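Residues per chain, in single letters:
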Amino acid sequence: MDSFSTVIRTASHEQHVEAETSTFMSDLLGGRLGVAAYARYTEQLWFVYEALEAGTERLAADPVAGPFIRPELFRLAALERDLAHLRGPDWRAGVSALPATREYAERVRECAESWPAGYVAHHYTRYLGDLSGGQIIRDRAERTWGFAKKGDGVRFYVFEGIGNPAAFKREYRELLDGFAADELEKQRVVAECRRAFALNTAVFGALGEEFPLSA
Ligand code: HEM
């Protein structure tokens, strides 16, 4: 039988391709969008990570989600520095969540508050992605909009506390493999992971509409 980390990865593979090749992501990675689109995307991430990281103190004590809560993953402070750079010191007054982002953040919050195993699906979908494809996005952002390498504007993608991302991801997958849940619950977590990808893709869709290339 496949390990849980393999099951969850395989189950979301198709949606990963869909997210990766969405119009907005392709345009962003292709250097075809202005920095305003990147800033708007970063702003959406802020709402998502606020939901992901708001309940971590409580979740850290949870037997299922607890082992996944690692402070070196926390992104909120980095996002806030990036937004201050992108939007200026008053950035808070100007941020707004797209409806798709609000829906995503609400679902994360719901899981964080009442279903720790489901929260793990969201945790996996974001953080393991940030440690992987996020590095490609950072490289493109630095080149396209001239941010200092690993500096303000792209700090979200820089995990200062993780010296060896490949080793970290290996350990993370081991944690998934030891996931303390029965088969049925694992299936529900896999379904939640697919939902997490769909929520991300919906945010990309909304961003794509806000920043159409051919307008
Ligand atoms: C243009 C955008 C993206 C690129 C280029 C990209 C690229 C990659 C690459 C190369 C890996 C493999 C890393 C490895 O095997 O160690 C990966 C893994 C992953 N990505 Fe992405 N990705 C992108 C977008 C996303 C998005 C939007 C999400 C979800 C929000 C996501 C979630 C994940 C996850 C969860 C993994 C870990 C898979 C696993 O090993 O279990 N990625 N990505």
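The structure presented is a predicted model; accordingly, all values stated were derived computationally and were not measured.

Draft legend 1. Focus on the site of the ligand. Taken together, 17 residues lie near the ligand, and Arg9, Ala19, Gly129, Ser132 and Gly133 sit nearest. Where the shell around the ligand is concerned, the elements lending two or more residues are helix H2 (13–20), helix H3 (23–29), helix H9 (116–131), helix H10 (133–145) and helix H12 (183–210). The dominant element in the shell around the ligand, judged by the number of residues it contributes, is H9, at five residues. Each residue belonging to the shell around the ligand can be placed in one class, and the counts come to seven nonpolar, six polar and four charged.

Draft legend 2. Region of the structure containing the nonpolar core. One finds Leu45, Val48, Ala51, Val108, Val120, Tyr124 and Cys193 to be the most contacted residues of the largest nonpolar core, which totals 49 residues. Elements with a minimum of two residues in this core: H3, helix H4 (35–54), helix H6 (76–87), helix H8 (99–114), H9, helix H11 (165–177) and H12. With nine residues, H4 is the largest single contributor of residues to this core. Setting aside chain neighbours within four positions, we find Tyr124 in contact with Ile8, Leu176 and Cys193.

Draft legend 3. Inspection of the packing of helix H1 (residues 4–11) against H12 at higher detail. Following both chains from N to C, one finds H1 and H12 inclined at 35 degrees, their axes separated by 9 Å at the closest point. Remark: the crossing between H1 and H12 carries right-handed chirality. Contact with H1, carried on its side by Phe4, Val7, Ile8 and Ala11, involves Lys186, Val190, Cys193 and Arg194 of H12 and no other residues of that element. Residues belonging to the contact of H1 with H12 are distributed by class as follows: six nonpolar, no polar and two charged.

Draft legend 4. Region of interest: the packing of H4 against H6. Two elements in contact, H4 and H6, have axes separated by 10 Å at closest approach and are oriented at 155 degrees. Accordingly, the angle class assigned to the pair H4 and H6 is roughly antiparallel. Between H4 and H6 lies a crossing whose hand is left-handed. Facing Ala39, Thr42, Glu43, Leu45, Trp46, Tyr49, Glu50 and Glu53 of H4, the residues of H6 in contact are Leu76, Leu79, Asp82, Leu83, Leu86 and Arg87.

Draft legend 5. Structural view of the UniProt feature "binding site: heme b" (unreviewed entry) in the protein. Using the residue numbers shown here, the UniProt feature "binding site: heme b" (unreviewed entry) corresponds to Arg9, His16, Tyr124 and Arg173. Tracing the chain through its elements places His16 in helix H2. Mapped onto the elements of the fold, Tyr124 is located in helix H9. The buried category is assigned to Tyr124, around which 23 C-beta atoms lie within 10 Å.

Draft legend 6. View of H8. For H8, built from 16 residues, the straight-helix expectation of 22 Å at 1.5 Å per residue is met to within 8% by its first-to-last C-alpha distance of 22 Å. Of the residues making up H8, those classed as buried are Thr101, Tyr104, Ala105, Val108, Cys111 and Ala112. In an axial view of H8, the angular spread of the buried residues amounts to 125 degrees, which keeps them on one side of the axis. The exposed residues of H8 that point more than 90 degrees off its buried face are Pro99 and Ser114. Of the surrounding secondary structure, the elements contacted by the buried residues of H8 are H4, helix H5 (56–59), H9 and H12.

Rules behind the numbers
Residues numbered from 1 in each chain as written. Predicted model: local features only at pLDDT ≥ 70, side-chain atom pairs only at ≥ 80, totals over all residues. Near = placed C-beta within 6 Å. Helix = DSSP H or I, 4+ residues; strand = E, 2+ residues; numbered from the N terminus. Nonpolar A, V, L, I, M, F, W, Y, C, P; charged D, E, K, R; others polar. Core = buried A, V, L, I, M, F, W, Y, C linked by C-beta atoms within 7 Å. Buried ≥ 20, exposed ≤ 12 C-beta atoms within 10 Å, placed from the backbone. Contact = placed C-beta atoms within 7 Å. Axes fitted to C-alpha atoms, helices over the stretch in contact; angles between N-to-C directions. Left-handed = near helix turned anticlockwise from the far one by under 90°. Parallel < 35°, antiparallel > 145°, perpendicular 65-115°, else oblique. UniProt positions renumbered as here; feature names shortened; annotations may be inferred. Expected span 1.5 Å × (residues − 1). Arc of directions from axis to C-beta.

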